[in-house]
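For reference, the chains in residue letters:
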Amino acid sequence: MTAQRMPAGSEEEREAALTSASYAIQRGRLVVLPTDTVYGVGADAFDADAVARLLAAKGRGRDMPPPVLVGSATTLDALATRVPGYVRGLVDAFWPGPLTVVCHQQPSLQWDLGETRGTVAVRMPDHEVARELLDRTGPLAVSSANLTGMDAATSADAAIEMLGESVAIVIDAGDSPGAIPSTIVDATGERPRLLRLGAISVAELDAALAPYELTVETEQEPAGGPADAPEGEPTPTSPGGE
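Reference entry: report on the structure contained in this document.

Cut-off values and rules
- Residues numbered from 1 in each chain as written.
- Predicted model: local features only at pLDDT ≥ 70, side-chain atom pairs only at ≥ 80, totals over all residues.
- Heavy atoms only, no water.
- Helix = DSSP H or I, 4+ residues; strand = E, 2+ residues; numbered from the N terminus.
- Buried < 20%, exposed > 50% of the residue type's maximum accessible area, 1.4 Å probe, protein only.
- Contact = heavy atoms within 4.5 Å.
- Core = buried A, V, L, I, M, F, W, Y, C linked by side-chain atoms within 4.5 Å.
- Axes fitted to C-alpha atoms, helices over the stretch in contact; angles between N-to-C directions.
- Parallel < 35°, antiparallel > 145°, perpendicular 65-115°, else oblique.
- Left-handed = near helix turned anticlockwise from the far one by under 90°.
- Nonpolar A, V, L, I, M, F, W, Y, C, P; charged D, E, K, R; others polar.
- Salt bridge = Lys/Arg side-chain N within 4 Å of Asp/Glu carboxyl O.
- Polar contact = N/O pair within 3.5 Å; in protein donor to acceptor, adjacent residues only side chain to side chain.
- Pairing = 2+ DSSP bridges.

## As for the side chain of Gln105
Its location among the elements puts Gln105 in strand E6 (residues 99–105). For Gln105, a relative accessible area of 17% puts it in the buried group. Each residue touching Gln105, except ones within four places of it in the same chain, is listed here: Leu79, Ala80, Thr81, Trp111, Thr116, Gly118, Thr119 and Val120.

Written as structure tokens, this is what we have:
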């Protein structure tokens, strides 16, 4: 079954696309949605079967769990625990935007995103259509819309070419405003650690961390680590973000 492409140009089109996509999510199906970085493929974060289908559609194993996109910064507290104070500074500076933060997940969460090692990677995208969908569905497990090892989709056409047989709905909001994926920061320790350099630079991170008298740790990754991963495709040591 080929995905249904739904344009989101006009207000009427957007409403129809969001209604269809949210219904598909509720039924455990996969959808492709636009974000402020690249297109993403999403599933209900609390539907383990849907998340498994997402990983299978991309040709990815459980060792590369997807991040979770949220429509509001306050949702972070519902998903994460033991959140360091400096995360508030990063969130205030870069959300909504291309920053993914990896935190300790709330132990009470009933979900299975893969081999997360007790963590959750969370991002609030700076894209109106994406946030409107998230407002309707709640948190979504979202990874870049591509087959593993290929460039992340920056258009609905590219997403359909790679994932059209695996998803129910593709929301077409035109070309992505940016082809660079989000920057990923590990916030599970006393000092933040860079997992993937993306749209937000180290200098920008350090500026936001200055009030906390911190800088982001950027020790050189070994060959094949996140710094060497293709766009939108981190290695198993980091979340599979978009």
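## Thoughts on the nonpolar core
Counting residues in each nonpolar core, the largest one holds 32 residues, and the members touching the most others are Leu90, Trp95, Leu99 and Leu205. Contributing elements (two or more residues each) for this core: helix H3 (76–79), helix H4 (85–94), E6, strand E7 (119–123) and helix H7 (202–209). Here this core takes five residues from H4, the largest share from any one element. Ignoring sequence-local partners within four residues, the contact set of Leu90 consists of Trp95, Leu99, Val185, Leu205, Ala208 and Leu209. Core analysis: the second largest hydrophobic core is formed by 19 residues, Ala8, Leu69, Leu133 and Ile171 among them.

## What to know about the packing of H4 against H7
Interaxial distance between H4 and H7 falls to 9 Å at its minimum, and their mutual angle equals 120°. One finds that H4 runs oblique with respect to H7. With respect to the hand of their crossing, H4 and H7 are arranged in right-handed fashion. Residues Tyr86, Gly89, Leu90, Ala93 and Phe94 of H4 form the contact with H7, whose participating residues are Glu204, Leu205, Ala208 and Leu209. Residue composition of the contact of H4 with H7, grouped by class: seven nonpolar, one polar and one charged.

## Notes on the pattern of salt bridges
Within this structure, the stated rule accounts for eleven salt bridges. The network of salt bridges with common partners includes Arg5, Asp157 and Asp172.

## Description of the side chain of Arg123
Residue placement: Arg123 occurs in strand E7. A distance of 3.4 Å separates polar atoms of two side chains, one belonging to Arg123 and the other to Thr37.

## Description of the pairing of strand E10 (residues 183–186)
By the alternation rule, side chains of E10 split into Thr183 and Val185 and Ile184 and Asp186, which are all buried. Of the strand pairs in this sheet, E6 and E10 are connected by four bridges, and their pairing is parallel. Considered in E10, the bridge of Leu99 is made with Thr183. As judged from the three bridges shared by E10 and strand E11 (residues 193–196), these two strands associate in the antiparallel manner. Note on E11: the bridge partner recorded for Val185 is Leu194. Between E10 and E11, which pair antiparallel one after the other, the connecting turn spans six residues.

## Observations concerning unusual backbone geometry
Note on backbone geometry: most residues besides glycine have negative phi, and most peptide bonds are trans. Along the chain, Trp95 connects to Pro96 via a cis peptide bond; the corresponding omega equals -5°. A positive phi angle, near 50°, is found at Arg82, a position not held by glycine. Topologically, Arg82 is positioned in the loop between strand E5 (80–81) and H4.

## A look at the environment of Val185
Here Val185 is to be found in strand E10. For Val185, a relative accessible area of 1% translates into the label buried. For the pair Val185 and Val32, spaced 153 residues apart in sequence, the C-alpha separation works out to 24 Å. The residues contacting Val185, other than those within four sequence positions of it, are Leu90, Leu99, Thr100, Val101, Val102, Pro192, Arg193 and Leu205.

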